[in-house]
Amino acid sequence: MTSIDLNTETDDTGPDGYAAARLRLLTEKTRSGPPRRAELSRLTDAWLAALLAAGLGAAGRPPRGVALVAVGGYGRGELSPRSDLDLLLLHDGTADPGAVATLADRVWYPVWDLGLALDHSVRTPAEAHRAAAEDLKVQLGLLDARPVAGDAGLVTALRTTVLADWRNQATRRLPELDALCRDRAERSGELQYLLEPDLKEARGGLRDTQALRAVAASWVADAPREGLDEARRRLLDARDALHLATGRATDRLALQEQDAVAAELGLLDADTLLREVYEAARTVSYASDVTWREVNRVLKARAGRPRLRGLLGGRGRAGAGRPGGAKPPAERTPLAEGVVEMDGEVVLALGALPQALGFGRAGGTPIERDPVLPLRAAAAAAQAGLPLSPHAVRRLADTAKALPTPWPAEAREELVTLLGAGESTVPVWEALEAGGLITRLLPDWERVRCRPQRNPVHTWTVDRHLVETAVRAASLTRRVHRPDLLLVAALLHDIGKGWPGDHSVVGETIARDVAARIGFDSADVGVVATLVRHHLLLVETATRRDLDDPATVQSVATAVGTLGALELLHALTEADALATGPAAWSTWRASLVADLVKRVAGVLAGEEPPDPEAAAPSAEQERLAIEALRTGEPVLALHTEPVLAEPGEAEPVGVELLVALPERPGVLPAVAGVLALHRLTVRAAELRAVALPAGLGTGPVLVLDWRVAAAYGSLPEAHRLRADLVRALDGSLDIPARLAERDAAYPRRRGVTAPPPRVTVAAADSRLATVLEVRAQDAPGLLHRIGRALEGAEVRVRSAHVSTLGANAVDTLYVTRPDGSLLSSEEAAGLAKTLEEALG
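Residues numbered from 1 in each chain as written. Predicted model: local features only at pLDDT ≥ 70, side-chain atom pairs only at ≥ 80, totals over all residues. Heavy atoms only, no water.

1. Quick notes on the overall build of the chain
In terms of regular secondary structure, the chain is built from 31 helices and 15 strands. The buried share of the chain, reckoned over its 840 residues, is 50%. Sequence-distant contacts, at least 24 apart, represent 69% of the contacts inside the chain between residues at least 6 apart. Summed over all atoms, the accessible surface of the chain reaches about 38,700 Å², with 52% contributed by carbon and sulfur. (Helix = DSSP H or I, 4+ residues; strand = E, 2+ residues; numbered from the N terminus. Buried < 20%, exposed > 50% of the residue type's maximum accessible area, 1.4 Å probe, protein only. Contact = heavy atoms within 4.5 Å. Areas by Shrake-Rupley, 256 points an atom, 1.4 Å probe, with all protein chains shown as cover.)

What follows is the structure, given as structure tokens:
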């Protein structure tokens, strides 16, 4: 839009006047939200009305038989700063087609000249009616038709016809709309969990609010009204702010725009913005679930009536033979005390007492309320795989009080039953959330509710991740002796997120309090607290530490304490990773964790861990070392049979690559670089100097044992790897240059700037080596660059352990002085700084 003098007094109905008034409105800080959208619609109406009047005047035509109609969002009066103008020029068909086309141009061209997006059509009522019958989206747009100027009677007649068709065709049209919503959700995801959500198209977004309006207009069902209008307003406000912050007609809340959008809305930060958006989306999603369930129930009942009448020969009718023609009472199947199933939903029994109702007749004894009823109803619904009726949720929310502290045993058992139901737990939990019952039962839940997780590895918000972890844990309860402790720990393991500090440390304190409040004894409280405190211990240790180092195993055994806690922690680790996302768990990680658990269990059972220094090389390692010493060149063995975590597993954890060569500088960066050039992902590397038995040869031989996997495609042949390794070692293959060429061949993509690498000295208490932990952006050749930096620092690498989650790599390196002794604390700190600078 061109620059406009805001002080110029102009007529708002002229193009310059409208542009100036529009700009004034959009730059005002005092007016936003619904008032601004309504005023923008009013301004636009007045301008378009003037355009139509001018066009009619030029044609010498009276306004009868012609109308300019706003449809869609503009019809609802919801113009955002960069919204399209959805317009229909409606005419009665009596005018010459050329004259109608000229009139349309007199309206459309000024809109285009101002740079506004326009979705337009020219139709007679009959043509509009036909288009609506053929295209569901056209029909939905016309449900919101609103006359802007011209013959209002023409618009009213069309809207009445479209609305009547919509109601008469509900049996056919509503399933189409349901399928349209499902398809859109499949493409765009769920707004309440996306880091870069589409405010309009994602499930729980503005399109779904429009669908709910359309369902209500059909008179088949209506959405739950609690909070729905406020949720819709929040989403519209966020879209307005996004348009103003970007200057573009976009509905995707990209990461780089979120701070500006939050500032536009006067919110604290981007996390606060996302949390508000997620809360709104959750309200819309729950309303959609309830509404579509009711739609399908009603349509199914309607479809059954003709068949029933046919079976009765046309003589049956609802209520025949009953006083007053009353309908038969719905069948109610008991599920638990105070809880029944009716019409495919879980409802409260007629005699259920969620609160005290007064005094009994015998001696004035008070009628006891049933404080466990919300949990009992939820557990019964989840176990039956049925939805919890919104009417039951509303009644419980209006009447239920806080449970006593500590909870009665029944309440704790019902919570465990709810969590142990598996997948059917999720919709029941969402229903309780919609009624505000979860934070009433667990006040600490408020901190994690709708809290975003900005690590792209995470699929869910914090609260949904906790529920998903419990769902995953439910399938593992047969592996543990105390499934109740596993399920509760799964629900609480990230409860410390949202508080300052390490969420595991903070979470331990909160979990201890919650477990005591819900009625566990002190010993069980201690176990739950230990599980929450150390829920990341197994996977981080298994993927980032040397499991052959006795100090590694002993540190885990000390932290866990008992075999029972170890068993529970193993199951919690798997459930947590599975609930995080596909990148967080694999057969490889599972095998490493299982190996660590086996070693720790041995220590807890009193077994002595083996001394890694005393371990002899395998027969193959010895054979390769002898061959390398005889030839003076690298010798490779690539085992292409996949290494499986368990017999019969289909997913390999990688293949084994053995490299032996006479010890010399530059081995680690050379091998790592060659593997990167061949697009092999390194998962673990162990380096050891092999001492050959007398008579087999003299001189140190270095044996490298790698676990690698192809990033994509098939594995390269061993002889090609060896040829490139020979060239890398003699200097004829410039690995950094080759990696740089390959990187330059790929187009640069816009994205979030990665934080700088960080290298720390880990407190591992290892007797074998000094442990460094490198956290950096994952990239091809990262281990090669690390190896080059370590070679320059003249240290020996004993082993390397590579862990990658999403775009983040965590590489753990066990290093020593050249003579095999540990580095001093000063040397270790200096090496960490040197490595950090080299990677930066």
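2. A short note on the pattern of salt bridges
Scanning all chains against the criterion turns up 54 salt bridges. A salt bridge links arginine 173 to glutamate 176, with the nearest nitrogen and oxygen atoms 3.0 Å apart. Taken together, the residues span about one helical turn, with arginine 173 and glutamate 176 both in helix H8 (residues 170–188) at a distance of 3 residues. Note that arginine 376 and aspartate 370 form a salt bridge whose closest N and O atoms lie 2.7 Å from each other. Given a relative accessible area of 5%, arginine 376 falls into the buried group. Through salt bridges with shared partners, a single ionic network connects Arg37, Glu230, Arg233, Arg234, Asp237, Asp240, Glu279, Glu446 and Arg449. (Salt bridge = Lys/Arg side-chain N within 4 Å of Asp/Glu carboxyl O.)

3. Looking at the packing of helix H9 (residues 206–218) against helix H10 (residues 228–246)
In the contact formed by H9 and H10, the axes pass within 10 Å of each other and the chain directions differ by 140°. Our classification of the angle between H9 and H10 gives oblique. Crossing hand, H9 versus H10: left-handed. Contacts between H9 and H10 involve Leu206, Thr209, Leu212 and Arg213 on the former and, on the latter, Leu228, Arg232, Leu235, Leu236 and Arg239. Its residues assigned to classes, the contact of H9 with H10 comprises 5 nonpolar, 1 polar and 3 charged. (Axes fitted to C-alpha atoms, helices over the stretch in contact; angles between N-to-C directions. Parallel < 35°, antiparallel > 145°, perpendicular 65-115°, else oblique. Left-handed = near helix turned anticlockwise from the far one by under 90°. Nonpolar A, V, L, I, M, F, W, Y, C, P; charged D, E, K, R; others polar.)

4. Quick word on the packing of helix H7 (residues 152–168) against H8
Axis separation between H7 and H8 bottoms out at 6 Å; the angle between their running directions is 85°. Comparing their axes, H8 and H7 come out roughly perpendicular. Packed against H7, whose contacting residues are Trp166, Arg167 and Asn168, the element H8 presents Ala170, Arg173, Leu174 and Leu177 at the interface. In terms of residue class, the contact of H7 with H8 is made up of 4 nonpolar, 1 polar and 2 charged.

5. Some words on helix H27 (residues 667–677)
For H27, the tally of buried residues reaches 11 of 11 residues, placing the bulk of the element in the interior. For H27, the full list of buried residues reads Val667, Leu668, Pro669, Ala670, Val671, Ala672, Gly673, Val674, Leu675, Ala676 and Leu677.

6. A look at helix H5 (residues 125–134)
Count 3.6 residues to each turn of an α-helix, and residues three or four apart come out pointing the same way. Considered for burial, the residues of H5 that qualify are Ala128, Ala131 and Ala132. Projected onto a plane normal to the axis of H5, the buried residues spread over an arc of 100° and lie on a single side. (Arc of directions from axis to C-beta.)

7. Some thoughts on empty space enclosed by the protein
Applying the stated criterion to the full structure yields 4 cavities of 30 Å³ or more. The space that makes up the largest cavity amounts to roughly 90 Å³. Around the largest cavity sit Gln192, Tyr193, Arg282, Val426, Trp429, Glu430, Glu433, Trp445, Asp463, Arg464 and Val467, which together line it. Sort the elements by how many residues they give to the lining of the largest cavity and helix H16 (residues 425–434) lands first, with 4 residues. As for the second largest cavity, its lining consists of Pro371, Pro374, Ala400, Lys401, Ala402, Leu403, Leu437, Arg440 and Leu441. With 3 residues, helix H17 (residues 437–441) is the largest single contributor of residues to the lining of the second largest cavity. Residues belonging to the lining of the second largest cavity are distributed by class as follows: 7 nonpolar, no polar and 2 charged. (1 Å grid on protein atoms, 1.4 Å probe; cavity = no way out; pocket = protein on both sides within 12 Å on 5 of 7 lines; lining within 4 Å. Points joined across faces, edges and corners; volume = space filled by probe spheres on them.)

8. Here's the deal with the sheet that holds strand S4 (residues 146–150)
If you trace the 4 strands from one edge of the open sheet to the other, you get S3-S2-S1-S4, paired in mixed fashion. The open sheet has two free edges, formed respectively by strand S3 (118–123) and S4, since each of these has just one partner strand. This sheet shows a mean twist of 25° between the axes of neighbouring strands, independent of strand direction. In the sheet, strand S1 (residues 66–70) pairs with strand S2 (residues 85–91) via 5 bridges, with the strands oriented antiparallel. Looking across to S2, one finds that alanine 67 is bridged to leucine 90. Running over the sheet, H7 touches S1, S2 and S4 and is turned about 105° from S2. (Pairing = 2+ DSSP bridges.)

9. Quick word on the sheet that holds strand S9 (residues 655–662)
Pairing is antiparallel across the open sheet formed by 8 strands, whose spatial order is S8-S9-S11-S10-S14-S15-S13-S12. The sheet terminates laterally at strand S8 (635–639) and strand S12 (758–761), the two strands that pair on one side only. Between one strand axis and the next, the sheet turns through 15° on average, direction left out of account. Summarising the sheet, strand S10 (residues 680–690) and strand S11 (residues 701–710) pair through 10 bridges and their orientation is antiparallel. From the neighbouring strand, glutamate 686 faces S11, where its bridge partner is aspartate 705.

10. Examining the pairing of strand S7 (residues 345–348)
Of the two faces of S7, both are covered, the one formed by Glu345 and Val347 as well as the one formed by Val346 and Leu348. Relative to S7, strand S6 (residues 339–342) is paired through 4 bridges, and the arrangement is antiparallel. Bridge assignment links glutamate 341 to a residue of S7, and that residue is valine 346. The hairpin formed by S6 and S7 contains 2 residues between the paired strands, and aspartate 343 there has a positive phi angle of roughly 55°.

11. Some remarks on the nonpolar core
Counting residues in hydrophobic clusters, the biggest one holds 94 residues, and the most contacted among them are Leu388, Trp407, Trp429, Leu442 and Trp445. Counting 52 residues, the second largest nonpolar core, distinct from the first, contains Leu638, Val667, Ala670 and Ala776. (Core = buried A, V, L, I, M, F, W, Y, C linked by side-chain atoms within 4.5 Å.)

12. Details of the side chain of arginine 412
Checked against the element boundaries, arginine 412 lands in helix H15 (residues 409–419). Of the side chains with opposite charge, glutamate 413 lies nearest to the buried arginine 412, which makes no salt bridge, at 5.2 Å. Dropping the residues within four chain positions of it, arginine 412 is found in contact with Trp407, Ile518, Gly519 and Phe520. (Lys, Arg positive; Asp, Glu negative; His and termini not counted.)

13. Brief notes about unusual backbone geometry
Following threonine 405, the chain continues to proline 406 via a peptide bond in cis, the omega torsion being -5°. By the secondary structure assignment, proline 406 is in the loop between helix H14 (390–399) and H15.

14. Considerations on the confidence of the model for the chain
With 88% of its residues at a pLDDT of at least 70, the chain reaches an overall mean of 86. Model confidence for the chain, summarised as mean pLDDT per element, is weakest for S10 at 80 and strongest for helix H21 (residues 522–533) at 98. Note that pLDDT drops below 50 for residues 1–10; the model gives that stretch 12 contacts with residues more than four away or on any other chain. Here residues 315–326 scores under 50 on pLDDT; set against residues more than four positions off or in separate chains, the count is 5 contacts. (pLDDT = per-residue confidence, 0-100.)

15. What about the packing of aromatic side chains?
Here the distance between the centres and the angle between the planes together describe a pair of aromatic rings. Applying the stated criterion across every chain, the model contains 4 aromatic pairs. Relative to tryptophan 460, the ring of tyrosine 193 lies with its centre 4.9 Å away and its plane at 90°, an arrangement referred to as edge-to-face. Of this pair, tyrosine 193 sits in the loop between H8 and H9 while tryptophan 460 sits in the loop between H17 and helix H18 (462–474), and the two are 267 residues apart along the sequence. For the cation-ring pair, arginine 146 lies above tyrosine 74, with the distance from its terminal atom to the ring centre recorded as 5.3 Å. (Phe/Tyr/Trp six-rings, centres within 6.5 Å; stacked < 30°, edge-to-face > 60°. Lys NZ or Arg CZ within 6 Å of the ring centre and 35° of its normal.)

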